[in-house]
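Summary of structural features
One letter stands for each residue in the lines below.
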Amino acid sequence: MSDEVPAPYGGDPATGSDEGAPAPGPTRRPRVVRTRTLQGWKDEGRRWAMLTAYDALTAAVLDDAGVPVLLVGDSAGTTVLGQTSTLAVTVEEMLVLTRAVVRGTSRALVVADLPFGSYQEGPAQALGTGVRMLKEGGAAAVKLEGGAAVAPSVRALVDAGVPVMGHVGFTPQSEHALGGYRVQGRGEDVERLVRDARALQDAGAFAVVVEMVPADVGARLAHELVVPVVGIGAGPGTDAQVLVWTDMAGLGGGRTPRFVKQYADLRGALSAAAQAYVHDVESGAFPAAEHSFEG
C-alpha cells in the first residue's frame, strides 16, 4: 500500500493520486516523475535521460516523448537569448522560461538552474532564489554549480523544502576561473572532484551532474555516490545522461562538443521548410484556394 496521500490539487481523477497507474506502452512510466522516482531507478540500476527545455511547445514534445527530467538550463543564454555565455542570464529570465516549461509539462520533473550571481553570496541568497524558482516558476527542483563550497547553500535549500541537483566537474558559470571549456577531473584533481560530489550528497542533493570528466571518473562517481549521477561528457558509466536539446536535435548548427550525439537535423529541416514557404509566397502558390475563405 502506498504511503503517499492523494494530491490535494490536480491529481489523477481516476485514482485520486498524481502518480496513479503506469502509462501504457513498452516502458512502464510513472504519471509524475519525482526525485524519489529517480532514486528508485538508481537503486534498480535503471538509466534515464534528461534534456534541457526553454519553452512550453518544446517541453510538451519532450514530455510526450517520455523524457523524465527537463532542465530549464541557463544554457538558454546561448541557445535562446543570443548571448555568448551563460553568465548574463538573470533570475527574471529564468523565471519566465521555467514557467513556460512547466506549462508545457504534465509528467516530467522540471529542474531550474540558479543563474550566475543568484546564489554565490551564500545560503541566504541561494534560499531566496531557490524559493522563487519553486513558488513563482513552478519548478520541482533547482540546480546549482559547485562542490564543497556551496554545500551550506544546498543544505539550506534542502532544509527549507527545495530539492537540489548539484553540478561538479566543468561548471560553465566558472568558465573564466577554469581557463575556458576544459576537461576536469584529471590527475590530482580527481580526489577533489570526488570530495566535492560527496559534499553535495551529504548536504542533501538528490542528484549530481558531472560534466566533462574522463569516463572512468564518471563511472567512479556513479559507483561511490548513493544518489544518481547525471553525466554530460562523463562517459557511459553514469546513472543518467543530459544534453542540451538543441544540440541533440541538430538545431543549433555549427560545431558541437565531442560528447554530443546528434539525433536529427532540425536546422536543415526548418531551413528547407522556410525556403519552400518563401518560394510559394513569391510565386503565388500560397495561399491557394484551399487556404482561402469564400464570400
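Residues numbered from 1 in each chain as written. Predicted model: local features only at pLDDT ≥ 70, side-chain atom pairs only at ≥ 80, totals over all residues. Heavy atoms only, no water.

Rules: UniProt positions are given in the numbering used here, feature names are shortened, and annotations may be inferred rather than shown by experiment.
As annotated in an unreviewed UniProt entry, the chain is 3-methyl-2-oxobutanoate hydroxymethyltransferase from Pseudokineococcus basanitobsidens. Per UniProt, the chain has the following entry under Subcellular location (unreviewed entry): "Cytoplasm". Heading Sequence similarities (unreviewed entry) of the UniProt record for the chain holds this comment: "Belongs to the PanB family."

Quick word on the pattern of salt bridges
This is how the line gets drawn: Any carboxyl oxygen of Asp or Glu that lies within 4 Å of a side-chain nitrogen of Lys or Arg is treated as forming a salt bridge with it. In DSSP terms, a helix is any run of H or I states spanning at least four residues, a strand is any run of E spanning at least two, and both are numbered starting from the N terminus. Working definition: with a 1.4 Å probe on protein chains only, accessible area under 20% of the residue-type maximum means buried, over 50% means exposed, and in between means partly exposed.
This structure, assessed with the given rule, holds 10 salt bridges. In this structure, Lys42 engages Asp239 in a salt bridge whose closest nitrogen and oxygen atoms are separated by 2.8 Å. Here Asp239 lies in the loop between strand E7 (229–232) and strand E8 (240–243) and Lys42 lies in helix H1 (residues 35–44), a separation of 197 residues in the sequence. Residue classification places Lys42 among the buried positions, given a relative accessible area of 13%. Note on Asp239: relative accessible area 13%, which makes it buried.

Some thoughts on the pairing of strand E1 (residues 48–52)
Two faces make up the sheet, and in a regular strand the side chains alternate between them. This is how it is decided: For two strands to be treated as a pair, DSSP must find at least two bridges joining them.
Along E1, 4 of the 5 residues are buried, which leaves the element largely enclosed by surrounding structure. By the bridge criterion, 4 bridges tie E1 to E8 in an arrangement that is parallel. Of the residues in E8, the one forming a bridge with Leu51 is Leu243. Here E1 runs beside strand E2 (residues 69–72); their pairing, made up of 3 bridges, is parallel.

So, the packing of helix H5 (residues 123–135) against helix H6 (residues 151–159)
Basically, it comes down to this: Whenever a helix is involved, its axis is fitted only over the stretch in contact; in every case the axis is a line through C-alpha atoms, and angles between N-to-C directions fall within 0 to 180 degrees. Angles are sorted into four bins: roughly parallel if under 35 degrees, roughly antiparallel if over 145, roughly perpendicular if 65 to 115, and oblique for all others. By definition, turning the near helix anticlockwise from the far helix through less than a right angle yields a left-handed crossing, and turning it clockwise yields a right-handed one. Residue contacts are counted whenever heavy atoms from the two residues lie within 4.5 Å of one another. Gly counts as polar in this scheme, as do all residues outside two lists: the nonpolar Ala, Val, Leu, Ile, Met, Phe, Trp, Tyr, Cys and Pro, and the charged Asp, Glu, Lys and Arg.
Across the interface, H5 lies against H6 with an axial gap of 8 Å and an inter-helix angle of 45°. Of the possible angle classes, the one that applies to H5 and H6 is oblique. Of the two possible hands of crossing, H5 and H6 adopt the one that is right-handed. Residues Pro123, Ala126, Leu127 and Gly130 of H5 pack against Pro152, Ser153, Ala156 and Leu157 of H6. Split by residue class, the contact of H5 with H6 holds 6 nonpolar, 2 polar and no charged.

A few points about the UniProt feature "binding site: 3-methyl-2-oxobutanoate" (unreviewed entry) in the chain
What counts, and what does not: Here a cavity means grid points, on a 1 Å grid over the protein atoms only, where a 1.4 Å probe fits yet cannot get out; a pocket means an open set of points with protein on both sides within 12 Å along at least five of seven lines; lining residues are those with an atom within 4 Å of a point.
In the UniProt entry, the feature "binding site: 3-methyl-2-oxobutanoate" (unreviewed entry) is given for Asp74, Ser75, Asp113 and Lys143. For the residues just named, distributed over 70 residues, the greatest C-alpha separation is only 12.5 Å, placing them together at one site. Residues from the named set that contribute to the lining of the largest pocket are Asp74, Ser75, Asp113 and Lys143. Along the chain, the position of Asp74 falls in the loop between E2 and helix H3 (76–79). With relative accessibility at 5%, the residue Asp74 sits in the buried group. Every residue in contact with Asp74, bar those within four places of it in the chain, is listed here: Thr86, Val89, Met94, Asp113, Pro115 and Gln173. Examined against the element boundaries, Lys143 turns out to sit in strand E4 (residues 141–143). Exposure remark for Lys143: the relative accessible area of 3% places this residue in the buried category. Look past the residues within four positions of Lys143 in its chain and what remains in contact with it is Leu71, Val111, Ala112, Asp113, Leu114, Met165, Gly166, His167 and Val209.

Thoughts on the pairing of E2
Note the cut-off: Crossovers are described as right-handed under a simple rule: with the strands pointing away from the observer, the path leading from the first strand over the helix to the second runs clockwise.
Because side chains alternate across E2, one face comprises the buried residues Val69 and Leu71, and the other comprises Leu70 and Val72, equally buried. The parallel pair E1 and E2, bridged by helix H2 (residues 56–64), forms a crossover whose chirality is right-handed. Bridge count between E2 and strand E3 (residues 109–113): 4 bridges; the pairing is parallel. Across the sheet, residue Val69 finds its bridge partner in E3, namely Leu109.

Comments concerning unusual backbone geometry
Put simply, Phe286 and Pro287 share a cis peptide bond, and its omega is 0°. Structurally, the position occupied by Pro287 is in the segment after helix H10 (266–283). Of note in the backbone geometry, Met212 takes a positive phi value of approximately 50° without being a glycine. Along the polypeptide, Met212 turns up in the loop between strand E6 (207–211) and helix H8 (215–224).

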